[in-house]
Amino acid sequence: MNQNHSSAFNTRRVARCALVAAVYVALCLGLAPFSFGAVQIRVAEILTLMPIFGPEYIAAVSVGCFLSNLLGVSMGMTAAPDILFGTLATVLACLVTYRLRGIRWKGLAIPAAIPPVAFNALIVGPEIAFFFSDSPATVPLVAWNAFTVGVGEVISCMVLGVLFVKLIESTPALNKLVRA
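Fair warning: this is a prediction, and the values are worked out from it, not measured in the lab. (Residues numbered from 1 in each chain as written. Predicted model: local features only at pLDDT ≥ 70, side-chain atom pairs only at ≥ 80, totals over all residues. Heavy atoms only, no water.)

Could you give an account of the overall build of the protein, with specific residues and numbers?
Across its full length, the protein carries seven helices and zero strands. Along the chain direction, N to C, the helices and strands of the protein fall in the order α-α-α-α-α-α-α. What you see for the protein is a C-alpha radius of gyration of 17 Å, in line with the 16 Å of a compact globule of 180 residues. For the protein, with 180 residues in total, the buried portion stands at 43%. Residue pairs in contact within the protein that sit at least 24 positions apart in sequence constitute 69% of those at least 6 positions apart. (Helix = DSSP H or I, 4+ residues; strand = E, 2+ residues; numbered from the N terminus. Rg over C-alpha atoms; globule rule 2.2 N^0.38 Å. Buried < 20%, exposed > 50% of the residue type's maximum accessible area, 1.4 Å probe, protein only. Contact = heavy atoms within 4.5 Å.)

Below, the structure written as structure tokens:
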């Protein structure tokens, strides 16, 4: 590979990652009533399955989540702990999703969709109970918040995200676009 081809390849990869981060932010803010809060279906979380297509998407989705939470705080839709805990959940989810990228169940990327559900339920659920609740963070409240966040993640990742991955994998032009 010559220097010009390598440089163009890296430029395309960086541009693709910036686009993924921007789409994450746009989906979070555009669907803000669903993206923030104790009961949430953060549609942008479908992008946590992007690491299936390459490790560069770990950073892309993590940056998108960080920026969404940072902007969410500045716009009064969430609070500062979400910048740390929400982003941590996304980073961990993307890392494990990447490790599970080649595993399929009945031809679907269901195993790779489990980490975003688990990490968000186990990190963001308690975060909501401790930092956003008007009442003390009791075990039932933590469990309830973990459950509601988990349900939202199941919808976003295990339903919409798995369908999104299937669409990309079964459409040669999309597959080439995300992997080029």
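Go over helix α5 (residues 110–131) with me, naming the residues and quoting the values.
Counted at 1.5 Å a residue, the expected span for α5 with its 22 residues is 32 Å, and the 31 Å between its end C-alpha atoms agrees. Burial within α5 is extensive, with 16 of its 22 residues counted as buried. (Expected span 1.5 Å × (residues − 1).)

Give a description of the side chain of E153 that names residues and reports values.
By the element assignment, E153 lies in helix α6 (residues 139–170). Despite being buried, E153 has no salt bridge partner; R42 is the closest side chain of opposite charge, sitting 6.4 Å away. Beyond its immediate sequence surroundings of up to four residues, E153 is in contact with E45, P116, V117, N120 and M158. (Lys, Arg positive; Asp, Glu negative; His and termini not counted. Salt bridge = Lys/Arg side-chain N within 4 Å of Asp/Glu carboxyl O.)

How would you explain unusual backbone geometry if you had to name every residue and give the values?
The backbone of K106 sits at a positive phi, close to 55°, despite the residue not being glycine. Residue position: K106 is located in the loop between α4 (81–99) and α5.

I'd love a proper account of the nonpolar core, names of residues and values included.
Counting 27 residues, the largest nonpolar core has M50, F53 and Y57 as the members making the most contacts within it. Those elements that provide at least two residues to this core are α1 (3–30), α3 (56–74), α5 and α6. For this core, the element with the most residues is α3, which contributes five residues. Every residue in contact with Y57, bar those within four places of it in the chain, is listed here: R16, C17, V20, M50, P51 and V178. Residues A89, I123, I128 and V149 belong to the second largest nonpolar core, which totals five residues. (Core = buried A, V, L, I, M, F, W, Y, C linked by side-chain atoms within 4.5 Å.)

Before we move on, can you summarise the packing of aromatic side chains with the specific residues and values?
Taken as a whole, this structure holds two aromatic pairs when the rule is applied. Between the aromatic rings of F85 and F131, the centroid separation amounts to 5.6 Å while the plane-to-plane angle is 25°, which identifies the pairing as stacked. In this pair, F85 sits in helix α4 while F131 sits in helix α5, placing the two residues 46 residues apart along the sequence. With a relative accessible area of 26%, F85 lands in the partly exposed category. Among the residues examined, F131 registers a relative accessible area of 45% and is labelled partly exposed. Between W144 and F147, the aromatic rings sit 5.6 Å apart at their centres with planes inclined by 35°, giving tilted as the arrangement. Of the two residues, W144 and F147 both sit in helix α6, three residues apart, roughly one turn of that helix. Over the aromatic face of F36 sits the side chain of R42, whose NZ or CZ is 4.9 Å from the ring centroid. A cation over a ring is seen here: R101 above Y98, with NZ or CZ 3.9 Å from the ring centre. (Phe/Tyr/Trp six-rings, centres within 6.5 Å; stacked < 30°, edge-to-face > 60°. Lys NZ or Arg CZ within 6 Å of the ring centre and 35° of its normal.)

So what's going on with the packing of α6 against helix α7 (residues 172–179)? Residues and values would help.
Relative to each other, α6 and α7 sit at 100°, their axes nearing to 5 Å. The angle between α6 and α7 places the two elements in the roughly perpendicular class. Between α6 and α7, the residues in contact are L167, I168, E169 and S170 and P172, L174, N175, V178 and R179, respectively. (Axes fitted to C-alpha atoms, helices over the stretch in contact; angles between N-to-C directions. Parallel < 35°, antiparallel > 145°, perpendicular 65-115°, else oblique.)

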